[in-house]
Amino acid sequence: MKDKRMIFTVPAVFLILTLNPVLQAVNTRDVDVVRSKAVLDSKDLQTIDNFVAESVRELINTKDFTSVSRIRAAISSRSKSATDSAAAQYAQQFFDSAYKYISLGFEEADKLTPESRKLKAVLNLLILTDSLENLRLAKPAMKLIDDKNAVISYWAVHSVTNDAVVRQLNSGGVDNLKLGSEIIERLEKLVEGTNPDIIALVVEFATEVEIQQGEDLLVQIADMRINKYAEWTVDYELLDAAVLKSLYKKISLSGAGKSAVARRFCQLYSYAMQRYVKGQDFLDDEQKHQLASVLVEIENCCIWRLLGTPQSVIKKAVEQNDYAGLLREHNRLFGDETKAGQLPLKLNFDYGKTDDGNIRTCPLALPEPPE
């Protein structure tokens, strides 16, 4: 059950790394003077560069890791000029320097010993990268997306998928499109073997980024979850609420609906419902609770909006342990072997073809639980 524990261990590590009872060691006096200037000269630009270099070096080399949050705060709070007239000039130099020294910082951190010191240095560089919210810094962070250490991987993914990065990717431009594609290609290779915390970050990113590859990545994650349901190996079912809501959002944004996305939405939700019914003697109480939460939340957030009519049939069936009623609602929504369901008709899609070449009118049946 390692993946479930990650929900709590990632924030715990973050708290350890952000305790700050001692004063920062970075000298901010000179750069604060530069921040207040209306026009910058070459000496001012050098001051910015020196500040970033010194701060990153201090972040890596300090052995008193209770002070690192103050160092990170000193850097991130000085990423912008205090004057509008020098804003572009200041930002250009600051992020040129940040890219240079954070990239070098990852190389230096990789040489540190013991392993615990290396881990903390890399994590602090990633958390700094995340806080600076600059698309260019995604480049050095991307290299750590598939790190074997789950916490490093989490923060690497977080730093290249946060809201600010998404906004910058969506602002357009050939370079942004290229970088977005590179990020997605890295994430595509990661999701099959990673934990639910990281998948949740990827799902949100894939939903919000305005690149077709983002939707493809979301479909890939849905297929992965569908396959795990079919094999009875799925874990942390609550994740599927996020996946289903993301698929629903893509359907809603497309107007008439997208058949590939709609098909995954219905198959994944169908499997969750079938697992809840068929797994009553197989699943533990936590798994049943998570599945019940997914079923009720998706009905409340998505199903009635797709069909245009408020409903609480699934919620009532779950509360009353009415499995027969739940299956009737399943067939009404998704279809059965005799007729199409309300959702396929509304969203104008089908489930593909049967072995004999006929159009499938219902989602795949979940196999019985393993003995």
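Scroll up for the structure.
Presented here is a report on the structure given in the accompanying data block. (Residues numbered from 1 in each chain as written. Predicted model: local features only at pLDDT ≥ 70, side-chain atom pairs only at ≥ 80, totals over all residues. Heavy atoms only, no water.)

## Focus on the overall build of the protein chain
Scanning the protein chain from terminus to terminus reveals 18 helices and zero strands. Here the protein chain holds 371 residues, and the buried ones make up 51% of them. Considering only contacts in the protein chain between residues 6 or more positions apart, those separated by 24 or more positions represent 69%. Total accessible area on the protein chain is roughly 17,900 Å²; 51% of this is exposed by carbon and sulfur atoms. Each charge sign in the protein chain was given a centre, from 46 positive and 52 negative side chains, and these centres are 3 Å apart. (Helix = DSSP H or I, 4+ residues; strand = E, 2+ residues; numbered from the N terminus. Buried < 20%, exposed > 50% of the residue type's maximum accessible area, 1.4 Å probe, protein only. Contact = heavy atoms within 4.5 Å. Areas by Shrake-Rupley, 256 points an atom, 1.4 Å probe, with all protein chains shown as cover. Lys, Arg positive; Asp, Glu negative; His and termini not counted. Charge placed at Lys NZ, Arg CZ, Asp CG, Glu CD.)

## Describing the nonpolar core
Residues F94 and F265 are the most contacted members of the largest nonpolar core, which totals 114 residues. Per-element tally for this core: the top contributor is helix α14 (residues 259-278), with 11 residues. Beyond its immediate chain neighbours, meaning those up to four positions away, F265 contacts L244, L247, Y248, I251, I298, C302, I303 and L306. (Core = buried A, V, L, I, M, F, W, Y, C linked by side-chain atoms within 4.5 Å.)

## Concerning the packing of aromatic side chains
Under the definition given, this model contains eight aromatic pairs. Plain terms: the ring middles of Y269 and F334 are 5.8 Å apart, the flat faces sit at 85 degrees to each other, and that makes the pair edge-to-face. Of the two residues, Y269 sits in helix α14 while F334 sits in helix α17 (residues 323-334), which places them 65 residues apart along the sequence. Exposure class is identical for Y269 and F334. Each is buried. Here F349 and Y351 contribute two aromatic rings whose centre-to-centre distance is 5.3 Å and whose plane-to-plane angle is 80 degrees, an arrangement assigned as edge-to-face. (Phe/Tyr/Trp six-rings, centres within 6.5 Å; stacked < 30°, edge-to-face > 60°.)

## Overview of the pattern of salt bridges
One pass over the structure, following the stated rule, counts 18 salt bridges. A salt bridge links R225 to D235; the nearest nitrogen and oxygen atoms lie 3.5 Å apart. Of the two residues, R225 sits in helix α12 (residues 212-231) while D235 sits in the loop between α12 and α13 (239-253), which places them 10 residues apart along the sequence. By relative accessible area, which is 1% here, R225 ends up buried. A single network of salt bridges, built from pairs that share partners, joins R225, D235 and D240. (Salt bridge = Lys/Arg side-chain N within 4 Å of Asp/Glu carboxyl O.)

## A closer look at the packing of helix α8 (residues 150-161) against helix α10 (residues 174-190)
The contact between α8 and α10 brings their axes to 11 Å, and the two run at 150 degrees. Classified by the angle their axes make, α8 and α10 are roughly antiparallel. In the packing of α8 onto α10, the handedness of the crossing is left-handed. Of the residues in α10, those in contact with S153, V157, V160 and T161 of α8 are I183, L187 and L190. Tallied by class, the residues present in the contact of α8 with α10 amount to five nonpolar, two polar and no charged. (Axes fitted to C-alpha atoms, helices over the stretch in contact; angles between N-to-C directions. Parallel < 35°, antiparallel > 145°, perpendicular 65-115°, else oblique. Left-handed = near helix turned anticlockwise from the far one by under 90°. Nonpolar A, V, L, I, M, F, W, Y, C, P; charged D, E, K, R; others polar.)

## Digging into α14
The end-to-end C-alpha distance of α14, which contains 20 residues, comes to 28 Å, matching closely the 28 Å that a straight helix rising 1.5 Å per residue would cover. The buried count for α14 comes to 16 of 20 residues, which makes it a mostly enclosed element. (Expected span 1.5 Å × (residues − 1).)

## Focus on the environment of E108
Here E108 shows up in helix α5 (residues 87-109). Since its relative accessible area comes to 42%, E108 is described here as partly exposed. In this structure, the C-alpha to C-alpha distance between E108 and L126, residues 18 residues apart in sequence, is 14 Å.

## Quick word on α8
In this model α8 runs 16 Å from its N-terminal to its C-terminal C-alpha over 12 residues, within 8% of the 16 Å that 1.5 Å per residue would give. If you check which residues of α8 are buried, you get V151, I152, S153, Y154, W155, A156, V157, S159, V160 and T161.

## Topic: the environment of R225
Linking R225 and D355, residues 130 residues apart in sequence, is a C-alpha distance of 23 Å. When residues no more than four places from it in sequence are discounted, the contact partners of R225 are V234, D235, Y236, E237, L239, D240 and L268.

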